[in-house]
Every structure is written in C-alpha cells, then in structure tokens.
Amino acid sequence: MTDIVSPTSGVTVSKAPARRDIGIKRRYAAERRFQAYGIAAITFGLVFLFILLWTVIGKGYTAFQQTAITLPIEFVEKTIDPNNKRATDPSVLIAANYPVLLRDAIVKQLNINASSRPDVRDASAMLSKSAPIQLRDMVIADPSIIGKTVNVTVLADANVDSANKGQIDLLVDEKNRKVNDKQVGWMNELEASGALHKQFNTGLFVNGNSSRPEAAGLGVALIGSLYLMLIVLVLSLPIGVAASIYLEEFAPKNKLTDLIEVNINNLAAVPSIVYGLLGLSVFINFIGLPRSASLVGGLVLTLMTLPTIIIATRAALRAVPPSIRAAALGLGASKMQMVFHHVLPLAMPGILTGTIIGLAHALGETAPLLLIGMVAFVANAPTTPLDPSTALPVQVYMWANEAERAFVERTSGAIIVLLLFLIVMNMGAILLRRRFERRW
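For every chain, the first residue of the written sequence is number 1, and numbering continues from 1 onward in sequence order. Under the rules for a predicted model, residues below a pLDDT of 70 receive no local features and side-chain atom pairs below 80 are neither given nor counted, while totals for whole chains, interfaces and linings still include all residues. Side-chain numbers here rest on the full set of heavy atoms in the structure, without hydrogens or water.

### Things to note about the packing of helix α15 (residues 335-363) against helix α18 (residues 406-436)
Item 1. Packing of α15 against α18 leaves a shortest axis separation of 8 Å and a crossing angle of 175°. Taken together, the axes of α15 and α18 lie roughly antiparallel to each other. Residue-level inspection shows P349, G350, L352, T353, I356, I357, L359, A360 and L363 of α15 in contact with α18, the latter providing L418, F421, L422, M425, N426, G428, A429, L432, R433 and F436.
Item 2. In this classification, the charged set is Asp, Glu, Lys and Arg, the nonpolar set is Ala, Val, Leu, Ile, Met, Phe, Trp, Tyr, Cys and Pro, and all remaining amino acids, among them Gly, are polar. Among the residues making up the contact of α15 with α18, the classes are represented as 14 nonpolar, 4 polar and 1 charged. Each axis is a line fitted through C-alpha atoms, and for a helix only the stretch in contact is used; angles between axes span 0 to 180 degrees, taken between their N-to-C directions. Strands here mean DSSP runs of E at least two residues long; helices mean DSSP runs of H or I at least four residues long; both are numbered from the N terminus. Orientation labels follow simple angle bins: below 35 degrees gives roughly parallel, above 145 gives roughly antiparallel, 65 to 115 gives roughly perpendicular, and whatever is left gives oblique. Any two residues whose heavy atoms approach within 4.5 Å at even a single point are treated as in contact.

Written as structure tokens, this is what we have:
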C-alpha cells in the first residue's frame, strides 16, 4: 500500500480507499451492462415472436369464417329421379344431376336470363364445387324432400370468399383478378338481400383434405394427431420412466452404463429426419406395417421422444434429496419400496413436465412423418391407427405448397390451431408441476 503526503496539510493519505471506490464503480458498471444485455436479448426475442404471431394471426384469423350463400333449392323429381326408380334402386339418388339444381336456384335468385350461357356459367361458378355433394347427402338422408323447395346454405367458391373478405383487390382490372365485375355486382346483390353472409367455419375442424380450399379442413389431421399423441404417450412414458429408474437407482456405475448414458444424450440431438428413415426401413419395409398409418408415425415419434423423457426423468430423480432415500431405507423399506413409494412421487412433477414437453415437441414434427408417407392426400377420417392419416404439421406443409391463393389463409389458420395445441400442452405442464410439486 502506497501513502502520499498532502501538500497543503501535510497529512498522510492512503491510496487504498480511492482504488476501492474505482473497483466498486467498475463492478456496478459491469452489472448494469450485463442487465442491459439481458434486457436487449429478451426484447430481441419478443420482437421476433411478435412479428411471427402478427404475421400468422393476421393472415389466418379469416380462416375461421367462411362465406356462404343461402338459396331456395327446388329438389325437382324429374332431375333427381326421372324414372321413379329410387324405391328399387337407391343408387339413382347418388348419380343424380345435383349441379343442375344449384344452377337453376342461383339463376332464379339473381334473375338471370337462362339462355345467356356466360352469365349462367359465371353465376354457377360463385358456388363451391362441394355444394352438389351436400345436396346429394341431404337427399340420401331424407328422400322425402324430393319435390319440395328447401332453403339450403351452401359454401361460396373460394374466389368469392376471398373477395368477400377483402383479400382480392377489386379496384384492379377484372382481367387481373379471378372475380369479374358481374360477379362482384351479384355478390353485392346477394349480400343486400341477406343471402350471402359469413359464418363460423366449422368445416375447418370437421372436413378432411380437399382440392377445393373452401371445403378443406383439419378433421383428418386432428384425428391423426390425436392417435399419434396417444401412441407416443402410452409407449414412451412407461418405457422412458422404467429405463430412467433402472439407470439412476439400480444399474451399477461402470463403463457400460456410462456408454448408455452418452448414447442417450446423443440420441436426443439426432435430427428428426433420421428417425423417419429408421421408421421407413424398419416399421414399413421390414415389419410391413401400412404406410401413412398413425401407428407407424406414433412409433417413430416414440423413438424420437424417448431420449427427452429419459433425460428429464433422470434429472427429476436426481433432484430428490439423498436424505429421502436414506430415511426410507433406515425405516426398513426395500430398495423397490424406497423408489416407488418415496422417490418417484417426489420426482413426478419433473417427470410429467418432461413428458408433456416431449409430446409437444413430437406434435410439431414434420420431417419423420413425411418419410413414412403421412403426406398422402387423405379425405376420409381414420377410424383406427392402422388407417391412412395425416397430422397437423404435415397438413400445414401440404397447404403451404398449394398454388391457390385461398390456401394461404388455410395454412395460417392451421398454424394457429397447432400453436393453440402447443400452448395448451405447455400450460398443462406448468399446472401439473404446480399441482404435484412437493417441498422437502
């Protein structure tokens, strides 16, 4: 320590306090800089998250509404069953010319000259190509409506729906848009009369995939994702927990167990597409399970999720204090009783959290499902895990590759549904942790 003499008073002054003050100021400055870096990092992440959500929600919220047109449909018997054979041959109701019924209804509603083919063609084009199927199903379900006039609400065409939602600029030349001026005028006329309106798009959650955007839905993908999650949960949770308990509580600590632990950690970092290749070669090519089935997808995602659950479960088991184990053994409990009666219940919050996070990760995977064929066009809902199916992330991928503009909002709407599922699953993990958490 160096002392200096004050030239005015002649008193000896130490340099140590001054140096100590400088060091304290530097530490405080470093702390403030670190806090600023942390706030900047959080702000940076939140900005990009906000941009992502704004983009997805801004493009996708309109998918939850659908433009529909209510028309008085006259179920003309001459058109549906001209020879009156439905009593002996019900198939005539399936092959009836239902597009003619829709054409006549829209022409009559708009007071169009039936001899003007261009006008009739443009008017008929305002209705969805799925509308005849809707009329067919109505007649098959209740043949008594033949010969009657019934008000039926059918979906509008995807271009009409986009124009009604403001997604098509109607100020540009009609040659550059898919809705011409006549159709715009008819839309205004139908809207003024209350025939054209928006309604909640239940088809988005009920219908299967379709080449027509207005009729496409997530029904098959939702059921397929449900099957996938059930298979992953049923297989990965017991296998992962059992493996973790053995490795953590019973297995001897030697080079073999160290090698197993290293491999488990490496498997958690393997790209998901590698698991898809494994599932394609083993479950489909070798075992012979059906392609595009939810069972194969669930097995592949189980293999991918197992390392995550094992790592999370082992961490939860390690977090239980050794005193719990010692107390249980000291009171005469066997090692099995000590694990299952004392350690496992205390580790359950961490195990449940790791499992749900692993399931949420599996729910958002696309690459392995593409390789096992779940990208197939599936219109009918699967009844068993062995039926062809698809999943939510795969459906997003398929719609994103469609050329029609109306699929853009369907893609964003599907992303919103997928994000809601992930948010619910992560909130469930938090609630379960708080519900089962115990203090020691």
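### A few points about the sheet that holds strand β5 (residues 196-200)
Item 1. Read across the sheet, 3 strands follow the order β4-β3-β5 without closing on themselves; strand pairing throughout is antiparallel. Each edge of the open sheet is held by one strand with a lone partner, namely β4 (149-155) and β5. In this sheet, adjacent strand axes meet at a mean angle of 40° when their direction is disregarded.
Item 2. Paired strands are those between which DSSP finds at least two bridges. As paired strands, strand β3 (residues 65-74) and β5 are joined by 5 bridges and run antiparallel to one another. Paired with T67 across the two strands is K198, which belongs to β5.
Item 3. Together, β3 and β4 form the strand contacts of helix α6 (residues 131-141), whose direction differs from that of β4 by roughly 140°.

### Considering the UniProt feature "domain: ABC transmembrane type-1" (unreviewed entry) in the protein
Item 1. UniProt positions are given in the numbering used here, feature names are shortened, and annotations may be inferred rather than shown by experiment. In the UniProt entry, the feature "domain: ABC transmembrane type-1" (unreviewed entry) is given for residues 222-428.
Item 2. Note that residues 222-428 is 76% helix and 0% strand, and that its end C-alpha atoms are spaced 19 Å apart.

### Some details on the nonpolar core
Within soluble globular proteins, side chains that are nonpolar generally end up buried alongside one another.
Item 1. In this text, buried Ala, Val, Leu, Ile, Met, Phe, Trp, Tyr and Cys residues form a nonpolar core when linked through side-chain atoms within 4.5 Å. For each residue, the accessible area found with a 1.4 Å probe, counting protein chains only, is set against the maximum for its type, and the residue is called buried under 20%, exposed over 50%, and partly exposed in between. L218, L301 and L369 are the most contacted members of the largest nonpolar core, which has 43 residues in total.
Item 2. The element contributing the most residues to this core is α18, with 8 residues.
Item 3. Other than its neighbours up to four places away in sequence, L301 contacts L228, M229, V232, A362, E365, P368 and L369.

### Observations regarding the packing of helix α4 (residues 98-110) against α6
Item 1. Viewed as axis vectors pointing N to C, α4 and α6 meet at an angle of 110°, and their least axial separation amounts to 8 Å. Viewed along their axes, α4 and α6 adopt a mutual orientation that is roughly perpendicular. Along this stretch, α4 crosses α6, giving a crossing that reads as right-handed. In this structure, α4 uses Y98, P99, L101 and L102 to contact α6, whose residues at the interface are A131, P132, L135, R136 and V139. In this scheme the crossing of two helices becomes right-handed for a clockwise turn of the near helix relative to the far one and left-handed for an anticlockwise turn of less than a right angle.

### Points about the side chain of S225
Item 1. With respect to the secondary-structure elements, S225 resides in helix α10 (residues 219-250).
Item 2. Excluding its chain neighbours within four sequence positions, the residues that come into contact with S225 are L363, T390, A391 and L392.

### A few points about the pattern of salt bridges
Item 1. Throughout this description, the term salt bridge denotes a Lys or Arg side-chain nitrogen within 4 Å of a carboxyl oxygen of Asp or Glu. Within the structure shown, the criterion is met by 12 salt bridges.
Item 2. One salt bridge in this structure joins R136 and D137, with 3.3 Å as the shortest N-O distance.
Item 3. For D137, a relative accessible area of 39% translates into the label partly exposed.
Item 4. The structure contains a network of salt bridges with shared partners spanning D161, K165, E409 and R410.

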